[in-house]
Amino acid sequence: MCAAAAIARRAGDPQEQARARDLACDGRWRVREGVAIGLQLWGDVEPNAMAEVATMWARDAHPLVQRAAVAAICEPRLLTSPREAARAVAVCATATESLRSLSADRRRDPDVRTLRQTLGYGWSVAVASDPAPGLAAFHALALDDPDVAWIVRENRAKKRLAVLLTPSPPHEHA
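> Could you give me a rundown of the overall build of the protein chain, with the residues and numbers involved?
When helices and strands are tallied, the protein chain shows eleven helices and zero strands. Here the C-alpha coordinates of the protein chain stretch approximately 65 × 40 × 20 Å along the principal axes. For the protein chain, buried positions account for 46% of its 174 residues. A sequence separation of at least 24 residues applies to 68% of the contacts in the protein chain between residues at least 6 apart. On the protein chain, roughly 8,900 Å² of surface is accessible, and the fraction owed to carbon and sulfur atoms is 55%.

In structure tokens:
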């Protein structure tokens, strides 16, 4: 895990980025989590470069690479501006659309299930960081797909998003 984090932290170097991408597909979840942590650490110092890699990885054919992108960019401490929040929402949207495009058989694959699980919290982090545009993208998700509907349900249950979805009580005028 630590080695994977150290490699991903240096993903600005093309060779290290390729190594990190390979490690994002590792069979061990701790190694995969190390990649996400390393990308986040890189994002602390080079947020634009990390967001570019996350955007690219969200379009990767491998669901675990997409998962690393979502897990890396959907970190509250990294989402401090509308631009960063928009990038996180875009990464979630890209990965969600990729999942949506898969056949029912392919969706049973454990790697795809892992991506779905990550999207089950990632959207709420991205949306909460800049609610107005984030909610618009979140509400635009097509609920006719069972996996997307599950992702929406899971995110709605997260407190950070639930408070944004609950209407404010009317104010009484004295």
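> I'd like a rundown of the packing of helix α1 (residues 2-9) against helix α2 (residues 14-24), residues and numbers included.
Packing of α1 against α2 brings their axes to within 8 Å, and their N-to-C directions diverge by 140 degrees. The angle between α1 and α2 falls in the class oblique. Crossing geometry of α1 relative to α2 is assigned as left-handed. Here α1 contributes Ala4, Ile7 and Ala8 to the contact with α2, which in turn contributes Glu16, Arg19, Ala20 and Leu23. Residue composition of the contact of α1 with α2, grouped by class: five nonpolar, no polar and two charged.

> Lay out the environment of Ala54 in plain terms, naming residues and giving numbers.
Locating Ala54 in the fold gives a position in helix α4 (residues 47-58). The exposure class of Ala54 is buried, given its relative accessible area of 3%. In the structure, Ala54 is positioned 35 residues away from Arg19 in sequence and 15 Å away in space, judged by C-alpha atoms. Excluding its chain neighbours within four sequence positions, the residues that come into contact with Ala54 are Ala69, Ile73 and Val91.

> For the environment of Arg30, give the residues involved together with the corresponding values.
Counting through the fold element by element, Arg30 comes out in helix α3 (residues 29-45). Residue class for Arg30 comes out exposed when judged on its relative accessible area of 51%. Put simply, Arg30 and Ile151 are 121 residues apart on the chain and 23 Å apart in space, counted from C-alpha to C-alpha.

> Which residues make up helix α10 (residues 146-156), and what are the values?
Residues three or four positions apart in an α-helix share a direction because the helix packs 3.6 residues into each turn. Listed as buried for α10 are Asp147, Val148, Ala149, Trp150, Ile151, Val152 and Asn155. For α10, the secondary structure elements touched by its buried residues are α6 (82-100), α7 (104-107), α8 (110-129), α9 (131-139) and α11 (159-165). A side-chain oxygen of the first residue of α10 lies 2.9 Å from the backbone nitrogen of Asp147; this N-cap is Asp145.

> Requested: an account of empty space enclosed by the protein, with residues and values cited.
In total, this model carries one cavity of 30 Å³ or more according to the counting rule given. Residue lining of the largest cavity: Pro47, Met50, Ala51, Ile73, Leu78, Leu79, Glu84 and Arg87, and that is the complete set. Every element with two or more residues in the lining of the largest cavity is listed here: α4 and α6. Ranked by the residues each element gives to the lining of the largest cavity, the list is headed by α4, at three residues.

> Explain the packing of aromatic side chains to me, and be specific about the residues and the numbers.
Any aromatic ring pair is given by two values, namely how distant the centres are and how the planes are angled relative to each other. Applying the stated criterion to the full structure yields one aromatic pair. Measuring from centroid to centroid gives 6.0 Å for Trp123 and Phe138, while their planes differ by 55 degrees, and the two rings are tilted. Taken together, the residues Trp123 in helix α8 and Phe138 in helix α9 connect sequence positions 15 residues apart. No difference in accessibility class separates Trp123 from Phe138, as the two residues are buried. Here Arg116 stacks its cationic end above the ring of Trp150, 3.8 Å away from the centre of that ring.

Parameters at a glance
- Residues numbered from 1 in each chain as written.
- Predicted model: local features only at pLDDT ≥ 70, side-chain atom pairs only at ≥ 80, totals over all residues.
- Heavy atoms only, no water.
- Helix = DSSP H or I, 4+ residues; strand = E, 2+ residues; numbered from the N terminus.
- Buried < 20%, exposed > 50% of the residue type's maximum accessible area, 1.4 Å probe, protein only.
- Contact = heavy atoms within 4.5 Å.
- Areas by Shrake-Rupley, 256 points an atom, 1.4 Å probe, with all protein chains shown as cover.
- Axes fitted to C-alpha atoms, helices over the stretch in contact; angles between N-to-C directions.
- Parallel < 35°, antiparallel > 145°, perpendicular 65-115°, else oblique.
- Left-handed = near helix turned anticlockwise from the far one by under 90°.
- Nonpolar A, V, L, I, M, F, W, Y, C, P; charged D, E, K, R; others polar.
- Polar contact = N/O pair within 3.5 Å; in protein donor to acceptor, adjacent residues only side chain to side chain.
- 1 Å grid on protein atoms, 1.4 Å probe; cavity = no way out; pocket = protein on both sides within 12 Å on 5 of 7 lines; lining within 4 Å.
- Points joined across faces, edges and corners; volume = space filled by probe spheres on them.
- Phe/Tyr/Trp six-rings, centres within 6.5 Å; stacked < 30°, edge-to-face > 60°.
- Lys NZ or Arg CZ within 6 Å of the ring centre and 35° of its normal.

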